[in-house]
There are 2 protein chains.
Amino acid sequence: MDLAIRGTRMVTFRDGRPSVVQGGTVGVRDGRITYVGPDDGFEGRAEREIDGAGHVTMPGLVDAHVHTGPTLLRGAAQDVPEIEWMNRALGPLADHLTDDDRVVGAKLGVLEGIRSGVTTFGEYASDVGRLVEEVYEPWGVRVAATETINAVADDADLDPDVPYPFDERTGRTALDRADALSDDYADSDLVIPTYGPQALDMVPLELLEETFAHAAERDCRVHVHVAQGRRERRQIEARYGDDASTVGVLEDNGLLDERLIAVHCHDATPEERERLAESGAAYVGCPSSIAAIDGVTPPVEWFRRRDAPVGLGTDQAPGPGGHDMLREVRTAALLSKTVHADPTALPAWEALRLATLGGATALGLDDRIGSLEVGKRADLVVIDAADPSVAPVVDEPFSTAVPNLAHSASRAAVDTVVVDGDVVLRDGEFVDVDERDVIDEAQERAERVFEEGAADWRAAGSALVDRADEGWL
Amino acid sequence: MDLAIRGTRMVTFRDGRPSVVQGGTVGVRDGRITYVGPDDGFEGRAEREIDGAGHVTMPGLVDAHVHTGPTLLRGAAQDVPEIEWMNRALGPLADHLTDDDRVVGAKLGVLEGIRSGVTTFGEYASDVGRLVEEVYEPWGVRVAATETINAVADDADLDPDVPYPFDERTGRTALDRADALSDDYADSDLVIPTYGPQALDMVPLELLEETFAHAAERDCRVHVHVAQGRRERRQIEARYGDDASTVGVLEDNGLLDERLIAVHCHDATPEERERLAESGAAYVGCPSSIAAIDGVTPPVEWFRRRDAPVGLGTDQAPGPGGHDMLREVRTAALLSKTVHADPTALPAWEALRLATLGGATALGLDDRIGSLEVGKRADLVVIDAADPSVAPVVDEPFSTAVPNLAHSASRAAVDTVVVDGDVVLRDGEFVDVDERDVIDEAQERAERVFEEGAADWRAAGSALVDRADEGWL
């Protein structure tokens, strides 16, 4: 046995329920869970034993949809009208991010995520292979690495009511990259290649069909932004006809099925959502991000109530602020309760399930992660029940571990994070990553990016320009 | 000079705006701020200097409405229908809290709050003087100590449509306690006595009028739960007539004015809100709590847009989970954005203002706290800008400090907390409080309370009983 966490309170999510057990042991060998059960049934010794007394051990969190590349731009764009967010607030600064900046941004974002208990990231980026090579693989963190496929020609002035011009070569290059990634990591436990056609308005139908076909050949998932807003709807109507919608076009072309991971969907009509849910497609919602950028609560609870595979994601730092997934659990619950005007909506145990097994299922990884079960890869989080955001935790007449983790636990309570059997964070400190180094480099690079983008940002004239001049920022 | 924080980025909220300044010094003498300005204008030396480089210094947060006493019951009641929350889920366990348990609960809640940057608590409790003596005073934490005045006779089976029976003596005793508190602490900087008639349905009108009169004599505020829900509305109609409402009765009796701190108000009609806002009364909203318990977003943004004095509060741990006020800032913003379907609602700078100067104003304390200004009491928070939830922070072309604090900063980034010039938390560690001791005692007592309340909890039969039996809890 390589590792054992002993005497711990366990939240297993076996069979989809927390099934809290006190006085348990989780044993790990060769990156795999080999024992989950009572302390006294555990035989033999582990090379490394972690005392789990006063702690809660649960499956690692899955941040099922995340762009960590822009993390250097945290604080750059929020509190503006939705229509300004990308083009006038974020874009003028994002244009000045180099590929190297995005790598450092990813490091910062992943670091923040791990500190909140994330062990698997549904990373979505152009040339995602570079983030895999420079961040995820060296750090030993699991990633559903999604290569962005976007064929929109570089054109500053895109009219939402005229089909965007496509550049065949751009789209093709991205698909080639996705294919190469999927070949390179076909046998990897830690890197799960995923195809990422950005959105239906951003790729020609033929390329989309080809992408789905390539994904099917390689048994990969296809991760798509779906029904993101009015601009997308107008594009789809302009290209496919007045009655067309993203969900309709996907369905008409046989692309609506279990392979699809549909993200956002806040602009989908109830009828479109119904068809999505019936198709077996997975849904991922990013409550903080869509609330911050669009002022809308995404239909997380809606899809959950239809028993769809549902995951949660933190999206990108500019807007919602960052990649604290433990906080996202709580935010998802509160936003769901208010949008449904129902305090029983997205209860603690379900919110926590979506952030673990739900996300794993949505990404097609529930055979290997998402719960504490013998045979699964060992992705674990150990949380200090004596942190002032968690304590006290009692076990009778019911366990308060689950509500206290879902509704209250701060990132500061995350004590130990294990990915694929390796300890990444211990006693709240990174084992191999030089955190200070990452943050210093992020700070330095951010100063340069904002400085270089300052004139463009001012010229774009978002609402933030005046706010800054008036001393509000 | 006793204390100086040097070379720091300052968020001052002088004139109500963050007005971020880089390279500043905050100087403190005798518990008072004596210098706020550029480093190079600071003359003399302080006995204790804190290096503020790479940090953000801002006014201490004000948790304007909080019941810390029930913190031992964190996780006891949430995800249930509103009608069950108090009577079937929380109540059966809360009945087993002793006064000593409430003191320990208060310690845990205050400790959690301080760790999130809170320097002033709008504490609301019966016999609040005991919490003042055993928690706030010995710990040196500022408190608007609000004595609960509730005259409802102890009767298990209160019919919402029949005026609750009042017990004259109970109400009178509470008012006497409030008077004594206000006499004892008339000259205190740290303890601000406040009158707390619980709600209009829980006190006779005569006692309420008397309470306002006593408060006026002593220049104290009156802190009241207003328009909390249908049960209150039905009581007011039963007692005062079919067209009566809490706001209407208060207004008709001349009690709607600047002295009033009205909490919650989520059941107030727009017209009632209008009258409240026009009266000059302060408003305090508890977004996490009301979302968790009622599935409703309270009208924080509504009152803010009318320029009412508005503060934020965390209410009690059971339901929303705890007393992390930094998280409450973010939650307030996201819930406000979605309920208004407007991403510009409650922007970062305003959310942060409500949690500092806004709360101070709502509690009647803006002459002494809420901003970094010479002459005010020295309540400060120093936040690590290199924490992975805050970094990077840039200053040009605008400062990202405010959005990063409001939308992203984790409690883990809170480095130093100063109350009335005294350092309470330093480098993330309590200076005088034995945190571990408090948590151990909270854990021990909570186990006893839940054990003693188990049979009552089960007999009350809330939805959580089945959930627990089925392995969801």
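Worth saying up front: this structure is predicted, and the values here are computed from it rather than measured.

A. How the structure looks around the overall build of chain A. A tally of helices and strands in chain A yields 15 helices and 17 strands. Counting all 473 residues of chain A, 66% fall into the buried class. The contacts of chain A with a sequence gap of at least 6 include a subset with a gap of at least 24, amounting to 72%. As presented, chain A carries roughly 15700 Å² of accessible surface, and 41% of it is formed by carbon and sulfur atoms. The average position of the 45 basic charges and that of the 91 acidic charges among the side chains of chain A differ by 3 Å.

B. Layout of the domain arrangement of chain A. Residues and elements named next belong to chain A. Considered domain by domain, chain A is made up of domain 1 (3-59 + 370-430) and domain 2 (61-362). Its C-alpha centre places domain 1 at a distance of 29 Å from the equivalent point of domain 2. Of the residues lining the interface, 30 residues belong to domain 1; the matching set on domain 2 comes to 28 residues. For the domain 1 and domain 2 pair, buried surface summed over both sides reaches about 2400 Å², with 68% attributable to carbon and sulfur atoms. The largest share of the area that domain 1 buries against domain 2 comes from H407, R411 and F430, three residues that together contribute 25% of it. Our count for the contact surface shared by domain 1 and domain 2 stands at 3 salt bridges. Residue R142 pairs with D379 through a salt bridge whose shortest N-O separation is 2.7 Å. For the pair domain 1 and domain 2, the number of links is 5 residue pairs in polar contact (both at pLDDT 80 or more).

C. Representation of the relation of the copies chain A and chain B in the model. For the pair chain A and chain B, the superposition axis carries a translation of 0.0 Å, the fit reaches an RMSD of 0.0 Å, and the rotation angle comes to 180°. Put plainly, the chains are arranged around a two-fold axis. Of the C-alpha atoms belonging to chain A, the one lying closest to the rotation axis is found on A412 of chain A, 2.7 Å away. The overlap is high: 100% of the interface residues of chain A also sit at the interface in chain B, so the same surface is used on both sides.

D. Geometry of the interface of chain A and chain B. In this complex, chain A contributes 90 residues to the contact, which on the side of chain B involves 90 residues. Carbon and sulfur atoms make up 63% of the surface buried where chain A meets chain B, a total of about 6800 Å² over both sides. Summed over the shared surface of chain A and chain B, the result is 4 salt bridges. K337 of chain B is paired through a salt bridge with D79 of chain A; the nearest N and O atoms lie 2.5 Å apart. Here chain A is connected to chain B by 34 residue pairs in polar contact (both at pLDDT 80 or more). Residue assignment for the side of chain A that touches chain B shows that the elements contributing at least two residues are α1 (82-94), α2 (99-115), α9 (287-294), α11 (325-339), α12 (348-362), α13 (401-407), α14 (435-460) and α15 (463-469) of chain A. At 11 residues, the largest contribution of residues to the side of chain A that touches chain B is made by α14 of chain A.

Criteria and cut-off values
Residues numbered from 1 in each chain as written. Chains lettered and ligands numbered in written order. Predicted model: local features only at pLDDT ≥ 70, side-chain atom pairs only at ≥ 80, totals over all residues. Heavy atoms only, no water. Helix = DSSP H or I, 4+ residues; strand = E, 2+ residues; numbered from the N terminus. Buried < 20%, exposed > 50% of the residue type's maximum accessible area, 1.4 Å probe, protein only. Contact = heavy atoms within 4.5 Å. Areas by Shrake-Rupley, 256 points an atom, 1.4 Å probe, with all protein chains shown as cover. Lys, Arg positive; Asp, Glu negative; His and termini not counted. Charge placed at Lys NZ, Arg CZ, Asp CG, Glu CD. Domains from an automatic or database assignment. Buried area = accessible area lost by both parts, 1.4 Å probe. Salt bridge = Lys/Arg side-chain N within 4 Å of Asp/Glu carboxyl O. Polar contact = N/O pair within 3.5 Å; in protein donor to acceptor, adjacent residues only side chain to side chain. Least-squares fit on C-alpha atoms with pLDDT ≥ 70 in both.

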